[in-house]
Amino acid sequence: MRTGTRSRYAYVVLLLALLGCRGDAPYVVPDAPMPPNTVLLAQMMRELSATPGFTEALLAQLNRDGKQGPALLTPALLNRLRELILGKDWQHLDRFPGWTMTGINPTVRVVSKAVSKNNPATETALHAGAPSGTVSTAPTQPGHAREYIDLGPYTLDKSETVSLDHPSTLPGFTADGIVSDLGSGVVRGDGPNPTLAPMHAESQRMADVLNRLSLNALENSATVTAQIGGNSATTPQALIEALTATGHTVLVYDSRYFANFGHFHFKGDDVMMPFWIDSQIGIPGTKRSLLVPVSHAEYEWQIRAPKDRPGINANVSYYFGIDGKAEFRTMDTLDQAWVLGRHAHEYRDANAIEVTRLTGLMVVAYMRQHLARPDLPFGGYYTLGVCQDGVAAIERKMTGHDTLFPNTADDSLFNDPRDGEINALLQALPTDRNGVPPSPERIFGSLPTANFDAITIPGLAGDLVTVHDAWQDGSLERTPSWIRKMTLRLIGATGLVSLLGILLFRRRRAE
């Protein structure tokens, strides 16, 4: 090999090294394990992507009203999903989007700015953190309140007493509005949970009453009283006390699941569709970063009647959802097997009452936010937090630790002095809006199981075991963010250009 050729070869090798180019084989997502009667999203799309118009129909379903969609399908994320499907990039589709929070945050801010540009009052609130209650939307207008919370037959402007001594007269569970047939063998939405759905009438009444009792604390709201067994309650926690006094058993669970991104079924099988985030934690022995599916967190109340006499059997939950509602809800649908489920904490007696009190305050705080900032995109979801924020805030108060990821609330907006206790709880949480990588404790605490062998998302269990072992023995390493990678590559390229310039200059002088 001639000297000039060797020099040029050396330059190329140096360039590749500085720019971080590697010859590693790309990671291939395995296709096992899988729970029975379950398929990956990519498998469904392989069969359906050639069907005219189906891809756009699916994307429209995921972002039905242009305001809210699973895991915040902003235009950038929708375009990414479209590119993967149309490009038949099945490997990356099953790890969608695989971005860090640093990458996701700007896509949400772009939408927020677009909305606020058309509403100067919202722009002022977003940037100045204006106190809630400054917008003219009156809390006593039921039509406005019902946009943000489900109250059933109750209104904010009517005082009344609700008797819980008799069975609920509300209708039972129905899949109407929950399950829809999209054609081509695709169904969206989950059917009834055989254990919980039969309690729907009681559960729905309990959720409605807890929501309405929470809003007794809202300014200008009339007072609703719930009665059972001669006990009266005007707050959610007082209702739990009344249920306990009448012999009911009340347990409150801090529950975690893998979030189901699509709720799709294909030809009778469940479709596995998580939403993946880059944890910025390196997987030992590889050059990959640990990707984790977003988890869903909620508080769940299990209410059971006394064994010796009639009473209420109901299950309700609380979380801030993609519908923009921070409220008590029913939980009647059947989860797909791969989402699993874990009770991170269990509360009873005085602790169950305290969790209920804090949850009621959370309902009121979010209602004030909605009334002050009605034009926040996604109903305030993400800007005011996601399902994890409220659960993590109460977990920290109850246990001294917060073990959920991600938290996205802009705590500068929670500054209304009437919500001082909730403001302080949210402001004490670590935030995932500033680019700081999450702690391993939060990554593993969010998981819906402590038994990695139970996880049926292909490839995930092995990665978790490897990372968890490294965490325990102190050898865990972080992976750089994409900004840092690009910066390092830019520095490397600049250095290479400078080096080549020096070499060429010396060569010419030598000639």
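The rules behind the values
- Residues numbered from 1 in each chain as written.
- Predicted model: local features only at pLDDT ≥ 70, side-chain atom pairs only at ≥ 80, totals over all residues.
- Heavy atoms only, no water.
- Axes fitted to C-alpha atoms, helices over the stretch in contact; angles between N-to-C directions.
- Helix = DSSP H or I, 4+ residues; strand = E, 2+ residues; numbered from the N terminus.
- Parallel < 35°, antiparallel > 145°, perpendicular 65-115°, else oblique.
- Left-handed = near helix turned anticlockwise from the far one by under 90°.
- Contact = heavy atoms within 4.5 Å.
- Nonpolar A, V, L, I, M, F, W, Y, C, P; charged D, E, K, R; others polar.
- Buried < 20%, exposed > 50% of the residue type's maximum accessible area, 1.4 Å probe, protein only.
- Pairing = 2+ DSSP bridges.
- Salt bridge = Lys/Arg side-chain N within 4 Å of Asp/Glu carboxyl O.

Engineer: Explain the packing of helix H3 (residues 54–62) against helix H4 (residues 75–86) to me, please; I cannot follow it from the model alone.
Structural biologist: Relative orientation and spacing of two packed helices are given, respectively, by the angle between their axes and the distance between those axes. Relative orientation of the contacting elements H3 and H4 amounts to 150°, with a least axis distance of 11 Å. Overall, the two elements H3 and H4 adopt an arrangement that is roughly antiparallel. Once H3 is placed against H4, the crossing between them reads as right-handed. Contacts between H3 and H4 pair Thr55, Glu56, Leu59 and Leu62 from the former with Leu78, Leu81, Arg82, Ile85 and Leu86 from the latter. In terms of residue class, the contact of H3 with H4 is built from six nonpolar, one polar and two charged.

Engineer: Would you mind going over the pairing of strand S15 (residues 326–330) with me for this structure?
Structural biologist: Here is the key point about a regular strand: its side chains alternate between the two faces of the sheet. Counting buried positions along S15 yields four of five residues, so the element is predominantly enclosed. Looking at chain direction, strand S14 (residues 314–320) and S15 are connected through five bridges and run antiparallel. Within the sheet, the bridge partner assigned to Val316 lies in S15 and is Thr330. Where S14 folds back onto S15 in an antiparallel hairpin, the turn is made up of five residues, including Gly324, whose phi is positive at roughly 80°.

Engineer: I'm lost on unusual backbone geometry in this one. Help?
Structural biologist: Residues other than glycine predominantly adopt negative phi, and peptide bonds predominantly adopt the trans conformation. A cis amide bond links Ala32 to the next residue, Pro33, at an omega of 0°. For Pro33, the location among the structural elements is in the loop between helix H1 (3–18) and strand S1 (38–40). Here the residue pair Phe96 and Pro97 is connected by a cis peptide bond, since its omega of -15° sits within 30 degrees of zero. With respect to the secondary-structure elements, Pro97 resides in strand S2 (residues 97–99). A positive phi is found at Ser184, a non-glycine position, where the angle reads about 60°. Along the polypeptide, Ser184 turns up in the loop between strand S4 (180–183) and strand S5 (186–188). You can call Ser184 partly exposed: its relative accessible area is 41%.

Engineer: Just to check I follow, could you spell out the pattern of salt bridges for this structure?
Structural biologist: Opposite charge on two side chains permits them to pair, given that their charged atoms come into close proximity. For the structure shown, the criterion picks out 21 salt bridges. Between Arg82 and Glu56 there is a salt bridge, with its nearest N and O atoms 2.9 Å apart. Here the residue Arg82 occupies a position in helix H4, and Glu56 occupies one in helix H3, the gap between them amounting to 26 residues. Among the ionic pairs, Asp432 bridges to Arg442, the shortest N-O distance being 2.5 Å. Remark: Arg442 occurs in helix H14 (residues 440–445) and Asp432 occurs in the loop between helix H13 (420–427) and H14; sequence separation between them is 10 residues. Here Asp432 and Arg442 have matching classes, each one buried. Where salt bridges share partners, they join Glu219, Arg368, Asp416, Arg418 and Asp419 into one cluster.

Engineer: Even after reading the chapter, I still don't get the side chain of Ser203, so can you show me in this structure?
Structural biologist: Residue position: Ser203 is located in helix H9 (residues 200–214). Here Ser203 is in contact with Ala314, Asn315, Val316 and Thr330, once residues within four sequence places are set aside.

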